[in-house]
Each structure stands twice: as structure tokens, then as C-alpha cells.
Amino acid sequence: MPLFLEMLRSETAASPDRMASALAGLRAYQDAPRTPRPAPMPVIATAGRASLRDYGGTGRPVVFVPSLINPPFVLDLAEENSLLRWLATRGVRPLLVDWGAPDAREADRDISGHVEHLLLPLIDQLPEPPAVAGYCLGGTMAMAAAALRPLPGLALIAAPWHFSGFGGNARADMTALWAGAREAARTLGLVPIEVLQSGFWRLDPARTVGKYEAFAAMAPESAAARAFIALEDWANAGAPLTFAAGRQLFEDFVDRDAPGAGGWTVAGRAIDPAAISCPVLDVISTSDRIVPAASASRLPDRLVLGAGHVGMIVGGRAKEQLWHPLLVWLSQLQQE
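Rules used in this analysis
- Residues numbered from 1 in each chain as written.
- Predicted model: local features only at pLDDT ≥ 70, side-chain atom pairs only at ≥ 80, totals over all residues.
- Heavy atoms only, no water.
- Phe/Tyr/Trp six-rings, centres within 6.5 Å; stacked < 30°, edge-to-face > 60°.
- Helix = DSSP H or I, 4+ residues; strand = E, 2+ residues; numbered from the N terminus.
- Buried < 20%, exposed > 50% of the residue type's maximum accessible area, 1.4 Å probe, protein only.
- Salt bridge = Lys/Arg side-chain N within 4 Å of Asp/Glu carboxyl O.
- Pairing = 2+ DSSP bridges.
- Axes fitted to C-alpha atoms, helices over the stretch in contact; angles between N-to-C directions.
- Contact = heavy atoms within 4.5 Å.
- 1 Å grid on protein atoms, 1.4 Å probe; cavity = no way out; pocket = protein on both sides within 12 Å on 5 of 7 lines; lining within 4 Å.
- Points joined across faces, edges and corners; volume = space filled by probe spheres on them.
- Core = buried A, V, L, I, M, F, W, Y, C linked by side-chain atoms within 4.5 Å.
- Left-handed = near helix turned anticlockwise from the far one by under 90°.
- Nonpolar A, V, L, I, M, F, W, Y, C, P; charged D, E, K, R; others polar.
- Expected span 1.5 Å × (residues − 1).
- Arc of directions from axis to C-beta.

The subject of this paragraph is the packing of aromatic side chains. Per the stated rule, a full pass over the model turns up eleven aromatic pairs. Between Phe215 and Phe228, the ring centres sit 4.5 Å apart and the planes meet at 15 degrees, which makes this aromatic pair stacked. In this pair, Phe215 is assigned in helix H8 (residues 205–216) and Phe228 in helix H9 (residues 223–235), connecting sequence segments 13 residues apart. The same class applies to Phe215 and to Phe228, which are both buried. The interplanar angle of 75 degrees and the centroid separation of 5.2 Å between the aromatic rings of Phe253 and Trp264 together place this pair among those described as edge-to-face.

Attention now goes to the pattern of salt bridges. This structure, assessed with the given rule, holds 19 salt bridges. Measuring nitrogen to oxygen at the nearest pair gives 2.6 Å for the salt bridge that ties Asp76 to Arg85. When salt bridges that share partners are traced, they join Arg182, Glu183, Arg186, Arg247, Glu251, Asp252 and Arg256 into one network.

It is worth spelling out the sheet that holds strand S12 (residues 302–305) at this point. Taken in spatial order, the eight strands of this open sheet run S1-S2-S4-S3-S5-S6-S11-S12, and their pairing is mixed. Both edges of this open sheet fall to strand S1 (43–47) and S12, since each of them pairs with a single strand only. Neighbour-to-neighbour, the strand axes of this sheet turn through a mean angle of 20 degrees, independent of strand direction. Relative to strand S5 (residues 131–135), strand S3 (residues 61–65) runs parallel, the two being bridged by four bridges.

With respect to the element layout, Glu128 can be found in the loop between helix H4 (111–124) and S5. Taking the relative accessible area as the measure of exposure, Glu128 reaches 34% and is therefore partly exposed. Along the sequence, Glu128 and Arg60 sit 68 residues apart, while their C-alpha atoms lie 8.0 Å from each other. In this view, Glu128 contacts Arg60 and Pro61; residues no more than four positions away in its chain are not counted.

Scanning all chains against the criterion turns up one cavity of 30 Å³ or more. Roughly 230 Å³ of volume is contained in the largest cavity. Lining the largest cavity are 17 residues, with Ile69, Phe166, Met174, Phe200 and Leu249 positioned closest to its centre. At the level of secondary structure, the elements contributing two or more residues to the lining of the largest cavity comprise helix H7 (193–203) and helix H10 (243–255). Per element, the largest residue contribution to the lining of the largest cavity is four residues, and it comes from H7.

Quick look at the nonpolar core now. Formed by 101 residues in total, the largest nonpolar core has its most connected members in Phe64 and Leu154. Looking at this core, the element that brings in the most residues is helix H5 (residues 137–148), giving nine residues. Sequence-distant contacts of Phe64, that is, excluding residues within four places in its chain, are made with Leu75, Leu83, Leu84, Leu87, Pro94, Leu95, Leu96, Val97, Ala133 and Leu326. Grouped together as the second largest cluster of nonpolar side chains are 13 residues, Phe4, Leu8, Tyr29 and Ala225 included.

Mapped onto the fold, Leu83 is located in helix H3 (residues 83–88). Using a relative accessible area of 1% as the deciding quantity, one classes Leu83 as buried. Separated by 133 residues in the primary sequence, Leu83 and Ala216 place their C-alpha atoms 28 Å from one another. When residues no more than four places from it in sequence are discounted, the contact partners of Leu83 are Phe64, Leu75, Trp323 and Leu326.

For the rest of this paragraph, the subject is the packing of H8 against H9. The interhelical angle for the contact between H8 and H9, taken along N-to-C directions, is 145 degrees, at an axis separation of 10 Å. As for how H8 packs across H9, the hand of that crossing is left-handed. When H8 is examined against H9, the residues Lys211, Tyr212 and Phe215 are found in contact with a partner set consisting of Ala225, Phe228, Ile229 and Glu232. Within the contact of H8 with H9, the residues separate by chemical class into five nonpolar, no polar and two charged.

Here the focus is helix H2 (residues 16–31). In this model H2 runs 23 Å from its N-terminal to its C-terminal C-alpha over 16 residues, within 8% of the 22 Å that 1.5 Å per residue would give. Regarding H2, the residues found buried are Ala22, Gly25, Leu26 and Tyr29. Looking down the long axis of H2, one finds its buried residues gathered within 100 degrees of arc, a one-sided arrangement. Exposed residues lying more than 90 degrees from the buried face of H2 are Pro16, Asp17, Arg27 and Asp31.

Another aspect to go through is the layout of surface pockets. By volume, the largest pocket is sized at about 810 Å³. Residue lining of the largest pocket: 40 residues in total, with Arg207, Lys211, Trp234, Ala235 and Val310 positioned closest to the centre. Listed by contribution, the elements that provide at least two residues to the lining of the largest pocket are H7, H8, H9 and helix H11 (311–314). With seven residues, H9 is the single largest residue contributor to the lining of the largest pocket. Classifying every residue of the lining of the largest pocket gives 23 nonpolar, twelve polar and five charged. Estimated volume of the second largest pocket: approximately 600 Å³. Lining the second largest pocket are 25 residues, with Thr35, Arg226, Ala227, Ile229 and Ala230 positioned closest to its centre. Considering each element in turn, the lining of the second largest pocket owes the most residues, six residues, to H9. Residue composition of the lining of the second largest pocket, by class: 16 nonpolar, two polar and seven charged.

Following this line, the structure appears as C-alpha cells:
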């Protein structure tokens, strides 16, 4: 909250009316009634605290790998706005990785360790090799899985690889954020979601303030208001990262661009996108403020969108821009 108020003062310094509107939107969001989330789908495999949730459907399974940051249910935001439920009715069998919540006993498990000891064991329990689709940092991790296992296909959705593509200012801001949080996180053994959330806010402070201004003007019972609440509840929730995962993300990935420079190893093997033998679809967006297009893997088979980082998954044009093309690509894998 202090960081939000600081951004609010900065963004609306010349407009008291905008500040009042954003504060009214924030209060309306806090006080709004919530629609219960759908019941979690059944678990078909576990590895440590991680599990694989089955969304039904037919055909070859597709393991969807969400980011470690924020909960996995952005891919299943609401029954009427769920990429996974939609795919399950169209000849795809989506399986969602649920990372669970770490505790301080896992302080030394970095992102590489999440791939090696959680993601790969989940994949290995399936009766046949699945296709894998990763979103955001989950796509970076899915890339490693595809380098270490013979998979039939890999879809990367807004997945960073060349972290130098975030640009100098954004990387400097994130490095400074980590410098301020590092020792407290080391003591806790965990990186609280509030630290990560503040990093996203810094990437686009005007949008962070503007969305609450817009919410203040929405009819409280409208579909738009319900969608906003569901999405903000997702964005404001999430388990912490382990300390080692936070350290690797900020120091090795953001600061040193280890993946893009060929220096990221998992299970003793350097991960090289160019060496992946299965078909790869790289979904990027020219409008993504969180994972800019310049940070993508630069593999040749690309789907270029004009949608925001989250909007491409749950926005009003998500079906047109992402869901349908992804379904077509996955369906072609089924035929090979």
C-alpha cells in the first residue's frame, strides 16, 4: 500500500480529481463482493508440493506451466473466462501445474531446482510424453523441460529468455528493488509476493493507477466490474518465492541475463533454445509491458499479438488473438 500511494501521488500530482477517482476505485475494489472461485480440478500427479491438475478433455495431454509468480489460476480465471476449460471442450487435454506454496525449508531451491525436482518429475509420471505450454516465467522453465525431455511440442506464451531485452532502466529498477529486499528475504528464506508485485507496478505505474480510476466509473454489478475484481484478486495473490528462486531471478536472469547468454544450466546441462528438437511456437506481443517482445527466445515460429501480458490470456480479444491460434497449433501436433 505505501508504494501504491507513492505512485498515486507521483502520477496524479497535477490532478487532484484523478487522485480522488483512483482512491475511490481502490476502495470500491476492496469492498466489492466476491464470486467464489470454481472448485480445484482433480490432481493426477504430485512431486513435492507441486501437483498436476486435470481439466479433462481428450487427445494428447498438454502440460500448462504457469509462472512461479502469482497463482496458476490466471489460465482458469473464471468458468466463463478459462483458457483451459475452453481447450478441454475442443479436443485437447489440458493439465495445469500447481506449484503449491513453499516454506523456508526450501530456501535453497532455485528456479533450476523447480524444473529439475518438481516440473520434470510431474511430466515423467504421465503415460506418454505431453506437449508443454508455458506462460511468462513458466515458459522459461518449460523451455528447460523441452531441452531435457523428448517432448512432442512446446508453446511459449509471453515467456522471457533474453532478459537484456527488458531494457536498461527496467533492469536497473528491478535490481534496485532486489537490493533493498535481499537481506530480509534471506532471513525469511522466502521472497514475499508484495516484493514481486511492487516490481511489476514499477514497470508501468501509469497503468497501475489508471485501472483503479477506470474501475471507479464501472457499474458495480456489471460484467466488466466482475472481470476486474477476478483479475485483480489474482494479481494481488500468490505464494512467495523461495529465496534462491528470487536470487536467481533477479541476479542471474534479470541482472546478468544468464539464459540469453547461454549460461543457465538445469540438471547440469546448459539450456539452448536452438538445440530443442520438437516444434516450438513462441507467442509474443508488441504491447506487452511486463515481458517485452525484445526478451523473447527469437525462435523462428512466432505468433505476434497486440495484447497486454495478461490481456492475451483473459482479455476481451483473447479467444481471437491467442486461444484459437493456440488450439490450431496444438491440434496439428495431435496429427503428427
